[in-house]
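# Descriptive structure summary
Okay, here's what each chain looks like letter by letter:
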Amino acid sequence: MHERKQEDTTAMTTATRFSTTLRDHARKTIERLRYADIVVGIPSYYSGESIVHVIRTVAEGLERYYPDTKAVILVADGGSTDDTREIANLLQIHSYSIEKIVTIYRGLPGKGSGLRAAFEVANFLKAKAVAVFDSDLISIKPEWVRNVLEPLFKGYDFVAPYYRRYKLDGTITNTIAYNLTRALYGQRVRQPIGGDFGISQKLVKYYFDQDVWESDVARFGIDVWMTTTAVVGGFKLCQARLGVKVHGEKDPGADLGPMFRQVVGTIFQLMETNAGYWQKVRRSRDVPILGEELEQEPAPFEIDQAGLIDYFRMGWANFSGVWQRVIEEKDLERIRDLVSVTRREDFHLPVETWVRIVYRYARQFHATPRQRFKVLDTMVPLYNARVASLINEVRDKNPDDSERLFEAHARAFETMKDYLIRIWDEEVHDG
């Protein structure tokens with residue numbers, strides 16, 4: 001009986017929708033406001049050291065470029081136990097046209113629920129334009145606000161960020177996320193998991209109405225979900241120049257395993273949802289890049305290549321049986337050879353091998369629904385091997401040459417797409 005009652009309560013709160021992510025004080029504030037032209041969402045979690053800079057910069061951008069509009073800055077926090085919310089609350093914004101709301105969102109923990117709160121506020125206030133920014137940004141400038149919002153006032157629905165990044169930054173983007181977004185959906189969105197976006201009123205409503213907010217999308221993978229959903233939904237896309245993005249580099253060997261699982265898991269799940277769409281797409285097209293260039297050069301940093309290779313070798317020791325079932329024989333041979341490479345500078349995983357590995361893992365994920373995330377975990381050491389190889393490939397390249405190489409890799413995913421389509425519905429023998 002109790003279980004049934006629990007289900008009914010859940011259904012009720014979902015149906016009311018409005019109260020699902022917003023607490024009473026936040027709801028009362030937006031009811032008092034009644035409308036806003038712009039909503040800026042800042043999902044936060046343990047961002048005490050950076051949140052003031054982000055809020056101040058956003059407010060400065062709004063005052064400088066949109067002084068005659070009514071704006072709301074919403075800090076939607078995931079229950080941080082540091083001083084993130086207290087610091088954000090204490091910060092004074094001296095502008096009669098900007099309202100700041102700081103709240104703990106309701107819902108599943110994760111950035112997606114924080115963004116849902118922003119969409120909820122924007123939907124209620126009928127905001128013409130919405131921007132979302134990460135809460136740990138060190139490099140955000142007032143110009144970011146203009147560059148992300150301005151295209152929305154010119155008829156675009158989705159504004160993806162276009163950063164200047166160091167050649168070894170964004171390895172998940174450069175090895176998988178950009179390549180698959182481009183090859184599958186035909187749009188060259190360079191930073192599909194970038195984190196800082198602009199969204200039109202129409203697209204905000206579309207996002208808000210999607211039935212994903214009680215799923216893993218609400219926990220993670222929200223950025224690539226937003227990008228993919230905008231493409232598949234037929235919305236008008238562009239990219240905004242934002243210069244350098246700095247929020248503390250992550251070493252792929254040390255930190256990016258969980259992120260890989262989240263991002264790639266979401267991409268693979270979206271491949272299932274949108275199979276009828278991407279199987280018909282051939283070739284890709286450029287997505288306009290708008291906004292004034294912000295002249296900055298990203299700072300170089302080192303990645304622990306030896307650690308990546310060690311992780312890959314451990315993967316061979318633990319997962320070679322799984323790899324044998326997933327990967328083509330000729331590619332498995334290449335992997336086997338890599339295990340015994342002694343000199344780091346000789347470590348090379350060809351891009352064609354990598355493309356087939358990614359496509360076969362996507363197929364395996366699709367074909368083994370009950371084991372899918374266990375299967376995905378066995379891909380992480382192979383990703384480490386690809387990044388270790390990439391370090392060698394870009395070692396002597398300047399930024400422009402590195403970018404040309406990444407474009408060539410993305411084209412390889414495109415030209416080999418027929419391979420994916422051919423194997424997608426093949427039966428998987430998991431024995």
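How each quantity is defined
Residues numbered from 1 in each chain as written. Predicted model: local features only at pLDDT ≥ 70, side-chain atom pairs only at ≥ 80, totals over all residues. Heavy atoms only, no water. pLDDT = per-residue confidence, 0-100. Contact = heavy atoms within 4.5 Å. Axes fitted to C-alpha atoms, helices over the stretch in contact; angles between N-to-C directions. Helix = DSSP H or I, 4+ residues; strand = E, 2+ residues; numbered from the N terminus. Parallel < 35°, antiparallel > 145°, perpendicular 65-115°, else oblique. Left-handed = near helix turned anticlockwise from the far one by under 90°. Polar contact = N/O pair within 3.5 Å; in protein donor to acceptor, adjacent residues only side chain to side chain. Phe/Tyr/Trp six-rings, centres within 6.5 Å; stacked < 30°, edge-to-face > 60°. Lys NZ or Arg CZ within 6 Å of the ring centre and 35° of its normal. Expected span 1.5 Å × (residues − 1). Buried < 20%, exposed > 50% of the residue type's maximum accessible area, 1.4 Å probe, protein only. Pairing = 2+ DSSP bridges.

### Focus on the confidence of the model for the protein
In this model, the protein carries an average pLDDT of 90, and 92% of its residues clear a pLDDT of 70 or more. Across residues 1-19, confidence stays below pLDDT 50; counting only partners more than four residues off in sequence or on other chains, it has 13 contacts. Across residues 248-253, confidence stays below pLDDT 50; counting only partners more than four residues off in sequence or on other chains, it has 16 contacts.

### Observations regarding the packing of helix 9 (residues 201-209) against helix 10 (residues 222-232)
Interaxial distance between helix 9 and helix 10 falls to 11 Å at its minimum, and their mutual angle equals 115°. By the angle between their directions, the pair helix 9 and helix 10 is classed as roughly perpendicular. Judged by the sense of rotation from one axis to the other, the crossing of helix 9 with helix 10 is right-handed. Together, L203, Y206 and Y207 of helix 9 and W225, M226, T227, T229 and A230 of helix 10 make up the contact between the two elements.

### Considering the side chain of D77
Structurally, D77 can be placed in strand 2 (residues 71-77). Engagement of the side chain of D77 in a polar contact is seen with the side chain of S44, the distance being 2.7 Å. Separated by 2.7 Å, the side chains of D77 and R85 make a polar contact. Apart from residues lying up to four places away in sequence, D77 is in contact with S44, Y45, T84, R85, T103, I104 and Y105.

### Things to note about the packing of aromatic side chains
All chains considered together, the criterion is met by 19 aromatic pairs. Measuring from centroid to centroid gives 6.2 Å for Y185 and Y277, while their planes differ by 40°, and the two rings are tilted. Here the residue Y185 occupies a position in helix 8 (residues 171-185), and Y277 occupies one in helix 12 (residues 275-278), the gap between them amounting to 92 residues. Members of the aromatic cluster, connected to one another through ring pairs, are F119, Y207, W213 and W225. Lying across the ring of Y178, R190 places its NZ or CZ 4.6 Å from the centre.

### Topic: helix 15 (residues 351-367)
The terminal C-alpha atoms of helix 15 lie 24 Å apart, and with 17 residues this matches the ideal 24 Å at 1.5 Å per residue to within 8%. Taken across its 17 residues, helix 15 has 14 buried, putting it largely inside the fold.

### Let's talk about helix 6 (residues 111-125)
With 15 residues, helix 6 ought to run about 21 Å at 1.5 Å a step, and its terminal C-alpha atoms sit 21 Å apart, in line with that. With 12 of 15 residues buried, helix 6 lies mostly within the body of the structure. All of the buried residues in helix 6 are G112, S113, G114, L115, R116, A117, A118, F119, E120, V121, A122 and L125. Where helix 6 terminates, the next one or two residues include K126, which has phi positive at roughly 55°.

### Some words on the packing of helix 13 (residues 305-326) against helix 14 (residues 329-339)
Two elements in contact, helix 13 and helix 14, have axes whose closest approach is 11 Å; the angle formed by their N-to-C orientations is 160°. The angle between the axes of helix 13 and helix 14 places the two elements in the roughly antiparallel class. By crossing handedness, the relation of helix 13 to helix 14 is classed as left-handed. Residues F312, R313, W316, W323 and Q324 of helix 13 form the contact with helix 14, whose own contacting residues are L332, I335, R336, L338 and V339.

### Description of the pairing of strand 5 (residues 158-164)
Within strand 5, five of the seven residues are buried, which leaves it mostly tucked inside the rest of the structure. Two strands pair when backbone bridges link them, and strand 5 and strand 7 (residues 197-200) are joined in this way by two bridges, in the antiparallel orientation. Of the residues in strand 7, the one forming a bridge with V159 is G198. Pairing of strand 5 with strand 8 (residues 237-244), which is carried by seven bridges, proceeds in the parallel orientation. The residue of strand 8 that forms the bridge with F158 is L237.

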